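A closer look at the structure
Residue strings, one per chain:
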Amino acid sequence: MLVNFSAGEAKGLFIVRLAYFLFLIAVFLLCSRFRLERILAPISGGTALIIFIYGIVQKFVIFPLILENYRAGPSFYSQALLARASSGRVFSIFPLPTLYAMVCGLLLIFIIHYLHHARGPARIFWGMLLLLGAANLVLTESFGGILFFTAATLFYLFVSRTFRIRHLAPLLMILSLVFFLVLALRFSEARDLTPAKLRFANWQQAGRVISESPVLGVGLGNYETAVPPHVKPDEPVSIYAHNFFLQMAAETGLPLFLFLAVIGLAWLKARLPMFLKPENALFASACVLILLFNMFDIGNYFFAAGISFAVVFSQVARSERPEPARQIVAVALLAAVLLFHHVAVSRQQAGDLWLSRQEPARAKALYRSALKLNPFSYRSWLGLAHIALQEKDPAGTDLALKKVLEIFPGQPYANYLFSVSSWRRGAYGTALAASARAAKGNLKNKEYQRWHEFVQDNLSRQPAIPGN
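What you see is a predicted model; the values in this text were computed from it and never measured.

So, on to the side chain of Ser419. Note on placement: Ser419 falls in helix H21 (residues 412-424). When neighbours within four sequence positions are excluded, Ser419 is seen to be in contact with Ala431, Ala434, Ser435, Trp451 and Val455.

There is about 1300 Å³ of room inside the second largest pocket. Forming the boundary of the second largest pocket are 31 residues, of which Ile25, Phe244, Leu260, Gly264 and Phe309 lie nearest the centre. Only helix H2 (11-31), helix H12 (244-252), helix H13 (254-270), helix H15 (281-296) and helix H16 (303-316) provide two or more residues apiece to the lining of the second largest pocket. Counting residues per element, the lining of the second largest pocket draws most heavily on H13, which supplies 9 residues. Taken together, the residues that form the lining of the second largest pocket break down as 26 nonpolar, 5 polar and no charged.

This brings us to the pattern of salt bridges. Should the charged atoms of two oppositely charged side chains come close, the side chains can pair. Overall, the coordinates contain 5 salt bridges when judged by the stated rule. Asp297 is the partner of Arg199 in a salt bridge, and the nearest nitrogen-oxygen pair spans 3.8 Å. Within this pair, whereas Arg199 is found in helix H10 (residues 194-212), its partner Asp297 is found in the loop between H15 and H16, the two being separated by 98 residues in sequence. By relative accessible area, Asp297 is classed as buried at 3%.

What counts, and at which threshold
- Residues numbered from 1 in each chain as written.
- Predicted model: local features only at pLDDT ≥ 70, side-chain atom pairs only at ≥ 80, totals over all residues.
- Heavy atoms only, no water.
- Helix = DSSP H or I, 4+ residues; strand = E, 2+ residues; numbered from the N terminus.
- Contact = heavy atoms within 4.5 Å.
- 1 Å grid on protein atoms, 1.4 Å probe; cavity = no way out; pocket = protein on both sides within 12 Å on 5 of 7 lines; lining within 4 Å.
- Points joined across faces, edges and corners; volume = space filled by probe spheres on them.
- Nonpolar A, V, L, I, M, F, W, Y, C, P; charged D, E, K, R; others polar.
- Salt bridge = Lys/Arg side-chain N within 4 Å of Asp/Glu carboxyl O.
- Buried < 20%, exposed > 50% of the residue type's maximum accessible area, 1.4 Å probe, protein only.

Structure representation (structure tokens):
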């Protein structure tokens, strides 16, 4: 692990990601000591009711209000907001429709289970919740979400032994109807195979990252720092591999990844009978859904997917060992670390939002507040550099850029700004090196490429300045 830490370009990202995965392991070990089926009934029902209702409101109230009254400005955030509303794909309280589709499918599995075992008025509640959740799943317009839910539902029905083969045809007809309804809603994308092309391009990029650092990897949490140089000009940009296993292999290196995979598969093989027991059908089918999601997205890297998997998997592999005190302490300490980090990220993102709205004073205050919590937040330093550049403060710009490059040496935008700043003060060699890193770090950005060519073409004509 120390070797992998040394391979990471941004050490802070390694620490945060390691704390996150240790937190998931601690949650798994803690929950494996308890039976959670009854506890999860009100939790899953209440959670589903809230986010499903909000999903409907988002589609039929919030999106129309945005499209009617909102005009996108020049900022990235305003354009992204309008694009999200224009797409019509609901995401409720989650960052992406695909992640929300996974959450919908997961909750629907629980709803089906509790509906099957409910009696009296409770059946009406779970039945209405099932219809509401199905509507949300359709409104996410996620092909993968529907396919994953279909596979997990069939697994649950067969393993729980509540399904009869004569029900297979009508069930598949209903699910096919839902799938083709989504196909109609996204026909232009489906016709051009846009979702499949996006995934395939991201997988190719992950393969290039792995081939460049097959032994040590690029460092846990550092995929986002390593992938930009591997994105070709005609490919879509993403800081994710859209496959949990590919991203993990790229970050940890193939030897460590294969070692963990062999241990994990051997452990799963020994416990495979537990997955096929009818009493474990609910949690086993939830595991199946999340594992499928991991194959087509980064899955457990998302907190919602990771914490869900830790909980449901713990119920399939329950432990009878008492005294969970150690796990409780570990969960609490790691949760505190992650919460501390999340507060810092929230302040940095709020700073980005205010900066996009041309409010540099508010943005600067939020960036500095974020840095008090996490001095290794390169995005906060980058925001301060951008503000200093706007305010024509060369000393402040260079100071912030140097902080960024200490944390993340290959950051393309920071290298570009540092190259421009260095050129203006006569440090031509530094400008050339920084422009080369910017051009290599982002092949799609034509401005970086043009600037690097300009520095190369004009370097020989510039007089040498002592001390630069």
